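Per-entry structural report
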Amino acid sequence: MTVEVETKKTAEPAKKRRRRPRDGSLAARLKASIPSYLLIAPFMIFFIVFVVSPVGAAIGLSFTDFNMLQKPHFVGFENYITLIFNDDIFKIAVKNTAIFALITGPLSYMACFFFAWLINELPKKLASVMMLIFYAPSITASTYTIWTYILNGDRYGMLNSILMQLGIISDPIYWLTDPQYMMGACIVVQLWLSLGTSFLAFMAGLKNVDATLYEAAAVDGIRNRFQEVWHITLPSMKPQLLFGAVMQISQSFAVGAVPQALNGFPSTDYATHTIINHIYDYGTVRYELGYACAISTVLLIAMLLSNKIINKLLGKE
């Protein structure tokens, strides 16, 4: 009896020890990470409420007929079938958005890096002034007013006035209302506005490149600035390059404010009508929210696929 009691007493602490989570267990790691979770909780709450929830609601409403006055009526894939096979304006919008994305995306990406690299080579005070000058257009509210004056279609427009004085043209060109010129004008303005977040990210990346790498490269045989950029600067800036690519591609797909501000809504012959303008048309003008959500979902899928491709090209293997 004494032996049995002693074995029970020694066995009970052993069981209790087995129930305690070890230092490497999931429960211990979660308990140790509670302060971190509390710190990211505000961001996660806002992200779920203002990003995840609206996206999920839009995807759900895309399968309904909803006009804000009546309850959503489930219609299955009818909105998507109509969008793909019967909506001719949507096809024009896809074409115009693709043109914007294929031209402004890569060009603005390269311009952001080129100007960031160029400004980074200047003296510190001059670099700060030039960075402000290049970044200011992306946050200036009067941008469209300036470009509307420059591209005005009468003889008093700045560009028309200069071209007529030089004898290049005899009659004013309607830059913002003639379908022949509208797309080009919007692309120029979009490129001018593109030096925003990606430009600042590249500036930060260039500042963080270790200067000793250039000294070591000079010893190893690198003799010009192009070789320095290709072999040292670009590999050292891979995270910033990836971030900039995602931002520029997303921005080029989401273009809509520039055509609407310069060419009006709708634009002449839908020459600069983009997917964003199409969403605006059905969502805030016609109040066909189910159809607008279907358009938004298609745009979301296109942006996710493009970002996936960018991650494959520039991301870590």
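Just above sits the structure.
Below: a short report on this structure. Computed from a predicted model, the values in this text were never measured in an experiment. (Residues numbered from 1 in each chain as written. Predicted model: local features only at pLDDT ≥ 70, side-chain atom pairs only at ≥ 80, totals over all residues. Heavy atoms only, no water.)

Looking now at the side chain of S306. Topologically, S306 is positioned in helix α16 (residues 289-314). When near neighbours in sequence (up to four residues on either side) are disregarded, S306 contacts I249 and F253. (Helix = DSSP H or I, 4+ residues; strand = E, 2+ residues; numbered from the N terminus. Contact = heavy atoms within 4.5 Å.)

It is worth spelling out the packing of aromatic side chains at this point. Counted according to the given criterion, the structure contains 14 aromatic pairs. Ring centres 5.6 Å apart and planes at 20 degrees place the aromatic pair F46 and F50 in the stacked group. Of this pair, F46 and F50 both sit in helix α3 (residues 34-61), four residues apart, which is roughly one turn of that helix. Given a relative accessible area of 56%, F50 falls into the exposed group. Arranged with centres 5.5 Å apart and planes meeting at 50 degrees, the rings of F63 and Y80 form a pair that is tilted. A residue pair is termed long-range when its members are at least 10 positions apart, and F63 in the loop between α3 and β1 (64-65) and Y80 in helix α4 (residues 78-85) qualify at 17 residues. On the basis of relative accessibility, which here comes to 22%, the residue F63 falls in the partly exposed class. Residue Y80 is classed as buried on the basis of its relative accessible area, which comes to 12%. Linked through ring pairs, F114, F115, F134 and F199 together constitute an aromatic cluster. (Phe/Tyr/Trp six-rings, centres within 6.5 Å; stacked < 30°, edge-to-face > 60°. Buried < 20%, exposed > 50% of the residue type's maximum accessible area, 1.4 Å probe, protein only.)

Moving on, we come to the environment of L176. Along the chain, the position of L176 falls in the loop between α8 (158-165) and α9 (179-192). Along the sequence, L176 and V246 sit 70 residues apart, while their C-alpha atoms lie 30 Å from each other. Residues within four places of L176 in sequence aside, it is in contact with T148, L151, M182, A185, L262 and N263.

Look at helix α12 (residues 225-236) against helix α13 (residues 238-253): their axes get within 5 Å of each other, and the N-to-C directions meet at 70 degrees. If you check the angle between α12 and α13, you find them roughly perpendicular. Counted together, L234, P235 and S236 of α12 and K238, P239, Q240 and L241 of α13 form the full contact between these two elements. (Axes fitted to C-alpha atoms, helices over the stretch in contact; angles between N-to-C directions. Parallel < 35°, antiparallel > 145°, perpendicular 65-115°, else oblique.)

We now examine the environment of C293. Within the secondary structure, C293 sits in helix α16. For the pair formed by C293 and A271, sequence separation is 22 residues and the distance between their alpha carbons is 23 Å. With sequence-adjacent residues up to four places away left out, C293 is seen in contact with A58, L61 and S62.

Purely geometric stuff here, so don't read any function into it on its own.
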